[in-house]
Amino acid sequence: MSNFYGKVVDLASDGRLRHRDGIAAFTITEVAATLTVATLDMIIGSTDTTSTTMEWAMTELLRHPNKLQRVVEELDAIIGDQTSVEESHLPRLLYLEAVVKETFRIHPPAPLLFPHMSSETTIVAGYTIPKNSNIFFNVRAIQRNAEFWEDPLRFEPERFLKDTEKRNYTGNSFHFFPFGSGRRICVGIPLAEKIMMQILATLLHCFKWELPNGRIPNVKEKLQLVLSKAEPLVVVPVARLSNLMQYK
Ligand code: HEM
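Residues numbered from 1 in each chain as written. Predicted model: local features only at pLDDT ≥ 70, side-chain atom pairs only at ≥ 80, totals over all residues. Heavy atoms only, no water.

As annotated in an unreviewed UniProt entry, the chain carries the name Cytochrome P450 and is attributed to Gossypium stocksii. Turning to the chain, the UniProt annotation filed under Cofactor (unreviewed entry) states: "heme". (UniProt positions renumbered as here; feature names shortened; annotations may be inferred.)

Okay, here's the thing in structure tokens:
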């Protein structure tokens, strides 16, 4: 993934990045080719990951009505029913943020991150990893490991309300890193975070979500490009705001 960023890093690190008047220089062909790849990276990296996580978050909330109720109460307290969700509301939606993080913990869209390669032979926990090995980090297994997480399969957003400094997306905690870590960490984190919060807040603020025949959605997974739901979530939206102008 992301040959553009890789190319810049590689050229810079082995001194091949040309400079003109002190500014890094590329030919027009390099710019066109790398921008195409970078744009594809952005589209592939951003669409399925966010839409899948949205579906998982809704699934978990519908399976846990008391958590859903807490989100709705927070939205009502902070936004009310006379206005729509604005970007300025998002930093105050702390419980919703915890819901998003807990969703990323249990259902990381990229369960093995993206493949990495060892640049030299190294020993980790007594195992020798030869140079040029393909390495996959099983972040899904780590984030469900009972050694690091109490009752790891339970959907419990409250765990992210404590210790918020450590439990963030920076990749500095090796118990929670759905966006990867280090120099190839996802470049879209701020955007992904905002999209998730804005869309989920809007969906849950504007509508009450009902399950056809009251059927509780299951959590069966299917590994495609991302780790998605095996069966799509089917829900029925019902308007819940008294101010109908909000739906125009
Ligand atoms: C739910 C949302 C997202 C998740 C879970 C996610 C996850 C990831 C992961 C796991 C990586 C690889 C990190 C590694 O191997 O260490 C990555 C890389 C990347 N992501 Fe995302 N991503 C998301 C959204 C986005 C968005 C919104 C964009 C762009 C607008 C984006 C663009 C990229 C790019 C360009 C890379 C490659 C960075 C590099 O190789 O240097 N992603 N992402």
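Peer 1: Got a minute to help me understand the coordination of the iron atom of the ligand in this structure?
Peer 2: Metal coordination angles in their ideal form are 109.5 degrees for the four-donor tetrahedron and 90 or 180 degrees for the six-donor octahedron. For the iron atom of the ligand, the sole protein-derived donor is Cys 186 (SG), lying 2.3 Å away. When you line up the elements, Cys 186 lands in the loop between helix H5 (139-143) and helix H6 (189-206). (Donors = N, O, S within 2.8 Å, 3.2 Å for Na, K, Ca; no water. Helix = DSSP H or I, 4+ residues; strand = E, 2+ residues; numbered from the N terminus.)

Peer 1: I would appreciate a short explanation of the confidence of the model for the chain in the present structure.
Peer 2: Low-confidence regions, as indicated by low pLDDT, have predicted coordinates that should not be scrutinised in detail. The pLDDT averaged across the chain works out to 88; a share of 81% of its residues lies at or above 70. Among the prediction metrics, the complex's ipTM stands at 0.97, with pTM recorded as 0.86. (pLDDT = per-residue confidence, 0-100.)

Peer 1: Mind showing me how you'd approach the packing of helix H3 (residues 65-78) against helix H4 (residues 94-106) here?
Peer 2: Describing two packed helices takes the angle between their axes plus the distance from one axis to the other. Close contact between H3 and H4 brings their axes to 8 Å; oriented N to C, the two are set at 140 degrees. If you check the angle between H3 and H4, you find them oblique. Contacts from Lys 67, Arg 70, Val 71 and Glu 74 of H3 reach H4 at Leu 94, Tyr 95, Leu 96 and Val 99. (Axes fitted to C-alpha atoms, helices over the stretch in contact; angles between N-to-C directions. Parallel < 35°, antiparallel > 145°, perpendicular 65-115°, else oblique. Contact = heavy atoms within 4.5 Å.)

Peer 1: Looking at this structure, how should I read the pattern of salt bridges?
Peer 2: Between side chains of opposite charge, a pair can form when the charged atoms approach closely. Within this structure, the stated rule accounts for 16 salt bridges. Residues Lys 101 and Glu 97 are paired through a salt bridge, measuring 3.1 Å at the closest nitrogen-oxygen approach. Here Lys 101 pairs with Glu 97, and both are found in helix H4, just 4 residues apart, close to one helical turn. Several salt bridges converge on common partners, so that one network encompasses Lys 67, Arg 70, Asp 151, Arg 154, Glu 156 and Glu 158. (Salt bridge = Lys/Arg side-chain N within 4 Å of Asp/Glu carboxyl O.)

Peer 1: Is there a simple way to think about the environment of Pro 232 in this case?
Peer 2: Position of Pro 232 among the secondary structure elements: in the loop between strand E9 (227-229) and strand E10 (236-239). Among the residues examined, Pro 232 registers a relative accessible area of 63% and is labelled exposed. (Buried < 20%, exposed > 50% of the residue type's maximum accessible area, 1.4 Å probe, protein only.)

Peer 1: In this structure, what is going on with unusual backbone geometry? I would like to understand it.
Peer 2: Negative phi characterises most residues that are not glycine, and trans characterises most peptide bonds. The backbone phi angle of Asn 132 is positive, close to 65 degrees, even though this residue is not glycine. Tracing the sequence through the fold places Asn 132 in the loop between strand E5 (127-129) and strand E6 (134-135). One non-glycine residue, Asp 151, lies in positive phi territory at about 45 degrees. For Asp 151, a relative accessible area of 39% translates into the label partly exposed.

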